[in-house]
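Observations on the model geometry
What follows is each chain in one-letter form.
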Amino acid sequence: MPRPRFIRLLIALGILAVGGWLLRGYTTDDTFIHLRYARHLIERGEIAFNPGEPTYGATSPLWIFGLALLLKLGLAPDLAAWLLGAVCGLGVLLVADGILCRFTYPESWKAVVLALIAAEPWFLRWTFSGMETPLATLALLVLLWPLVSGRDLGWGVTREPLWRRYLGWGVAAGLAGLVRPEFLLLAPAALPILLWFEYYRASAVGGVTARHKARPVAPALAAAAGWLAAAGPWLLYSHWAFGRALPDTAAAKSGALIGDPVQLAVGLWQAARPLLAVAGFYVLVPLVLVVLVLVTRREPDEPAAGGPAGSAGAADSGGFGAWSVWGPVAFVGVAVTWTVLLLGGYAARQVWVISRYVSPLVPVGVLALSLLAEWLLHGPGLGRAVRRLGHVLALAGIVLGLGLNAWIFGAQVLPHARAFPPGVRACYGEVGRWLADNLEPGGTVAALDIGAVGSFSDRRVLDLMGLVSPAIRELGQRQGFAAMVESGAWLRAEPGHPPAYLVDRTDGPPRWAGRTVDGVRFELLRTCLLAGVGLRESQPWTVALYRLVPAETLASPPAGG
């Protein structure tokens, strides 16, 4: 391994290791949801949160399968979730480094870019949370591989037929859809850009007569076949077993389509905020460089200072000529397409976006932005002094971005990661253990946060967010989830399984104590405080356990009175 590559990998892996150490023990309530699904898959052979009730209430079936495998090998649940995330995080850095090896800019740039990816606070947070985010990030990077692999060998001209490559790509795209449901559409959206680049690359390597070897029909059909082979069986199974092809989380966490352009713009800004928080300064770098180029660009007949070998300004030959201009264009095109589709889809569907929904885009975006910066700095028409100024401005953006990300990690992510898991175990864990002792097997507890309550109590849960309870999901879609919960309509959502207890969470005092709703009285049993459930909901929350007592029971005289 070349020394520069070894050094940059050492730096990136060191950042990952330090982040993993600082975030040790971090889990979210959703982590417990995945683990309970995985446990039931092993013990009962079913994909279900509540035993005997298959539901598509987990976002990532592929993540559940991975957790189930590790649990089957004997790993403790917390260790299985941590290890799977760490392995996927390692894979992200290795694939990102493999992509960087094919980029033509200097080795020092590659070290900086890989360090930026490794130090991104959302990447570190979710890699060690037990959630599927690092696997989703890895899936997107793998889908970019055709842009950089074999570019100097002329794939489709001097090597294997393109259909073989895109059959494998289609399988990867289908599997990506089993990590995040959005990727079922996001991954195929990159295919036209990839095939366009293959067609151009064939011309650059083999001449105009070689274009017929890179015609898009065969690789497009192969990609579709691979996608169907990977995702098709699961889609058919989920429709048969759950009555729906997409997870209930997609319906529970979204609303009706927005038609108002102003509301759509507001929603787009809200969806982009978590992404811009960690990558905003990096986005500013090429924008500032564009202004610099436009203001200081030399006239066409003036000599330009030479750029580094292999840059966009250097003389191109062979397969590198296909990459040096149109490769970056295709790479940036895919990154922009994915960003617009993902953020636009979230905004249009009124999804409450948190950082893990957009975190997989960050490494793709950082790589694309680095290509833009290289092209702007090393393209023809800039003098040496202007290039130096451009490098200084780029370095300033990188330093500011790294500083902001270090602050986000140290001031927001780390305190939350240290406070939240102990609170979950002390609060929801104690409530769950109490329910295990006092609620008979088969009894139902209603809850807003179901992961830890269900895992510690091992009792049936009525999910007031609708993720694993279809009846609640339908009520919430008709009435709005907040209004549905507040009204108490959920009390009669499942007549065959009336809830005996409620575990509520509110940012004020217990809201149900002493109330009687729809013939049911809420008897407050205990409360506890939980640290903020997220960075955007950092206030302390009151968790309250209620016994739900039918009013007729209270009114009836005691037997033998």
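Residues numbered from 1 in each chain as written. Predicted model: local features only at pLDDT ≥ 70, side-chain atom pairs only at ≥ 80, totals over all residues. Heavy atoms only, no water.

Here the focus is helix α17 (residues 361-378). Across its 18 residues, α17 extends 26 Å between first and last C-alpha, which sits within 8% of the 26 Å expected from 1.5 Å per residue. Counting buried positions along α17 yields 15 of 18 residues, so the element is predominantly enclosed. (Helix = DSSP H or I, 4+ residues; strand = E, 2+ residues; numbered from the N terminus. Expected span 1.5 Å × (residues − 1). Buried < 20%, exposed > 50% of the residue type's maximum accessible area, 1.4 Å probe, protein only.)

Right, let's talk about the pairing of strand β2 (residues 460-463) for a bit. Residues Arg460 and Leu462 point to one face of β2 and Val461 and Asp463 to the other, with burial holding for every one of them. Looking at chain direction, strand β1 (residues 444-447) and β2 are connected through four bridges and run parallel. Across the sheet, Thr444 pairs through a bridge with Arg460, a residue of β2. The parallel pair β1 and β2, bridged by helix α19 (residues 451-457), forms a crossover whose chirality is right-handed. (Pairing = 2+ DSSP bridges. Right-handed = clockwise from strand over helix to strand, strands pointing away.)

What follows is about the packing of aromatic side chains. Evaluated as defined, the whole model comprises 20 aromatic pairs. Seen in terms of ring centroids, Phe103 and Phe331 are 5.6 Å apart; in terms of plane orientation they differ by 80 degrees. Their pairing is edge-to-face. Of this pair, Phe103 sits in the loop between α4 (77-102) and α5 (107-118) while Phe331 is found in helix α15 (residues 326-348), placing the two residues 228 residues apart along the sequence. Each member of the pair Phe103 and Phe331 is classed as buried. Ring geometry for Tyr346 versus Tyr357: centroids 5.8 Å apart, planes at 40 degrees, classification tilted. In this pair, Tyr346 is assigned in helix α15 and Tyr357 in helix α16 (residues 355-358), connecting sequence segments eleven residues apart. A relative accessible area of 8% places Tyr357 in the buried class. (Phe/Tyr/Trp six-rings, centres within 6.5 Å; stacked < 30°, edge-to-face > 60°.)

Moving on: the sheet that holds strand β4 (residues 516-517). Taken together, six strands build an open sheet; the order of strands is β2-β1-β3-β6-β5-β4 and the sheet is mixed. Each edge of the open sheet carries a strand with a single partner, namely β2 and β4. Sheet strands touched by helix α18 (residues 384-438): β1, β3 (501-506), β5 (520-530) and β6 (541-550). Its angle to β5, the strand with the most contacts, is close to 145 degrees. (Contact = heavy atoms within 4.5 Å. Axes fitted to C-alpha atoms, helices over the stretch in contact; angles between N-to-C directions.)

On the surface, a cluster of nonpolar side chains totalling about 490 Å² of accessible area is made up of Leu284, Leu287, Val288, Leu389, Val392 and Leu393. At the level of elements, α13 (261-296) and α18 are the ones that each hand at least two residues to the nonpolar patch. Mapping Val392 onto the fold places it in helix α18. A relative accessible area of 52% places Val392 in the exposed class. (Patch = residues over 30% accessible without salt bridge, like charges linked within 9 Å, V, L, I, M, F, W, Y side chains within 5 Å. Areas by Shrake-Rupley, 256 points an atom, 1.4 Å probe, with all protein chains shown as cover. Salt bridge = Lys/Arg side-chain N within 4 Å of Asp/Glu carboxyl O.)

Here we take up the state of the cysteines. What the rule picks out here adds up to one disulfide. Across a sulfur-sulfur distance of 1.8 Å, Cys427 and Cys528 are joined as a disulfide pair. On the sign convention where negative means left-handed, the S-S torsion of about 75 degrees between Cys427 and Cys528 marks this disulfide as right-handed. With Cys427 in helix α18 and Cys528 in strand β5, the pair connects residues that are 101 residues apart, well separated along the chain. Accessibility classification places Cys427 together with Cys528 in one group, the buried group. (Disulfide = S-S within 2.5 Å.)

This paragraph deals with helix α20 (residues 470-479). Among the residues making up α20, those that are buried are Ile472, Arg473, Leu475 and Gly476. Viewed along the axis of α20, the buried residues span an arc of 165 degrees, placing them on a single side of the element. Phi turns positive one or two residues past the end of α20, at Gly480, with a value near 90 degrees. (Arc of directions from axis to C-beta.)

Remark: helix α7 (residues 133-143) packs on α17, axes separated minimally by 8 Å, with the N-to-C direction vectors making an angle of 40 degrees. Only Leu361, Pro363, Val364 and Leu367 of α17 make contact with α7, whose side of the interface consists of Thr137, Leu140 and Leu141. The residue inventory of the contact of α7 with α17, partitioned by class, reads six nonpolar, one polar and no charged. (Nonpolar A, V, L, I, M, F, W, Y, C, P; charged D, E, K, R; others polar.)

For the rest of this paragraph, the subject is the pattern of salt bridges. Opposite charge on two side chains lets them pair, provided their charged atoms get close. All chains considered together, the criterion is met by 21 salt bridges. Put simply, Arg356 and Asp30 hold a salt bridge, and the shortest N to O gap is 3.0 Å. With a gap of 326 residues between them, Arg356 in helix α16 and Asp30 in helix α2 (residues 29-44) connect regions that are remote in the sequence. Since its relative accessible area comes to 5%, Arg356 is described here as buried. Put simply, Arg5, Arg8, Asp97, Glu107 and Lys110 are held in one network by salt bridges that share partners.

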